[in-house]
Amino acid sequence: MHKNTVLGALFCLHYKAYSDYKVKQSGDVMKIGELAKLTGTETVTIRFYEQKGLMLLPGRTAGNYRNYSDAHRERLLFIRHCRGIGINLDEINQPCLSG
């Protein structure tokens, strides 16, 4: 992902737009597609990390959709960072690296 795209996404997470357009605010819940887009992660990878116990299971809506929080986003970004520097999944799940 391009650096300006990341900065723009972070800006939008913390500041409300001046129009009536709703921008995702810190503390909002998001569905798996939104989480995937924000983190640059495939949805199947997010589900895989959940199955492996690397991420807490998200809450569910009445329609059984997953609801992710900012904590899930931060954890996923942490996992992606670790994978990017060569840390394997078993090492990420060790208590000294788990956030």
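Every value quoted in this text rests on a predicted model; they were computed, and no experiment measured them. (Residues numbered from 1 in each chain as written. Predicted model: local features only at pLDDT ≥ 70, side-chain atom pairs only at ≥ 80, totals over all residues. Heavy atoms only, no water.)

A.B. asks: Honestly, the nonpolar core in this entry has me stumped. Any pointers?
C.D. replies: Generally speaking, a soluble globular protein has its nonpolar side chains buried in company with each other. By size, the foremost hydrophobic cluster in this structure holds 14 residues, and its most contacted members are Leu35, Ile46 and Met55. The residues contacting isoleucine 46, other than those within four sequence positions of it, are Ile32, Leu35, Ala36, Thr41, Met55, Tyr68 and Leu76. (Core = buried A, V, L, I, M, F, W, Y, C linked by side-chain atoms within 4.5 Å. Buried < 20%, exposed > 50% of the residue type's maximum accessible area, 1.4 Å probe, protein only. Contact = heavy atoms within 4.5 Å.)

A.B. asks: It is not clear to me how the packing of helix α2 (residues 32-39) against helix α4 (residues 70-84) should be interpreted in this structure. Could you clarify?
C.D. replies: Any two packed helices are characterised by how steeply their axes cross, that is the angle between the axes, and by the distance between the axes. Interhelical geometry of α2 versus α4 gives an angle of 45° and a closest axis separation of 10 Å. Taken together, the axis directions place α2 and α4 in an arrangement best described as oblique. For the element pair α2 and α4, the recorded crossing hand is right-handed. Together, Leu35, Leu38 and Thr39 of α2 and His72, Arg73, Leu76, Leu77 and Arg80 of α4 make up the contact between the two elements. In terms of residue class, the contact of α2 with α4 is built from four nonpolar, two polar and two charged. (Axes fitted to C-alpha atoms, helices over the stretch in contact; angles between N-to-C directions. Helix = DSSP H or I, 4+ residues; strand = E, 2+ residues; numbered from the N terminus. Parallel < 35°, antiparallel > 145°, perpendicular 65-115°, else oblique. Left-handed = near helix turned anticlockwise from the far one by under 90°. Nonpolar A, V, L, I, M, F, W, Y, C, P; charged D, E, K, R; others polar.)

A.B. asks: Explanation requested: the packing of α2 against helix α3 (residues 43-51) in the structure shown.
C.D. replies: Two elements in contact, α2 and α3, have axes separated by 9 Å at closest approach and are oriented at 105°. For the element pair α2 / α3, the angle class is roughly perpendicular. Listed contacts from α3 to Ile32, Gly33, Leu35 and Ala36 of α2 are Thr43, Ile46 and Arg47. Of the residues assigned to the contact of α2 with α3, the class counts are four nonpolar, two polar and one charged.

A.B. asks: Sorry if this is basic, but what is going on with the pattern of salt bridges here?
C.D. replies: As enumerated under the stated definition, the model contains three salt bridges in all. Here arginine 66 and glutamate 50 are joined by a salt bridge, their closest N and O atoms 3.1 Å apart. Placement of arginine 66 in strand β2 (residues 66-67) and of glutamate 50 in helix α3 is noted, with a sequence separation of 16 residues between them. Summarising the burial analysis for this pair, arginine 66 and glutamate 50 share the class buried. Taking the shortest distance from any N to any O, the salt bridge between arginine 73 and glutamate 74 comes out at 3.0 Å. According to the relative accessible area criterion, arginine 73 is buried, its value standing at 8%. With relative accessibility at 44%, the residue glutamate 74 sits in the partly exposed group. (Salt bridge = Lys/Arg side-chain N within 4 Å of Asp/Glu carboxyl O.)

A.B. asks: What's the story with unusual backbone geometry in this structure? I'm lost.
C.D. replies: Negative phi is the rule for most residues except glycine; trans is the rule for most peptide bonds. Phi angles above zero are rare outside glycine, and asparagine 64 is one such case at about 70°. On the secondary structure map, asparagine 64 appears in the loop between β1 (59-60) and β2. Looking at asparagine 64, the relative accessible area reads 51%, which means it is exposed.

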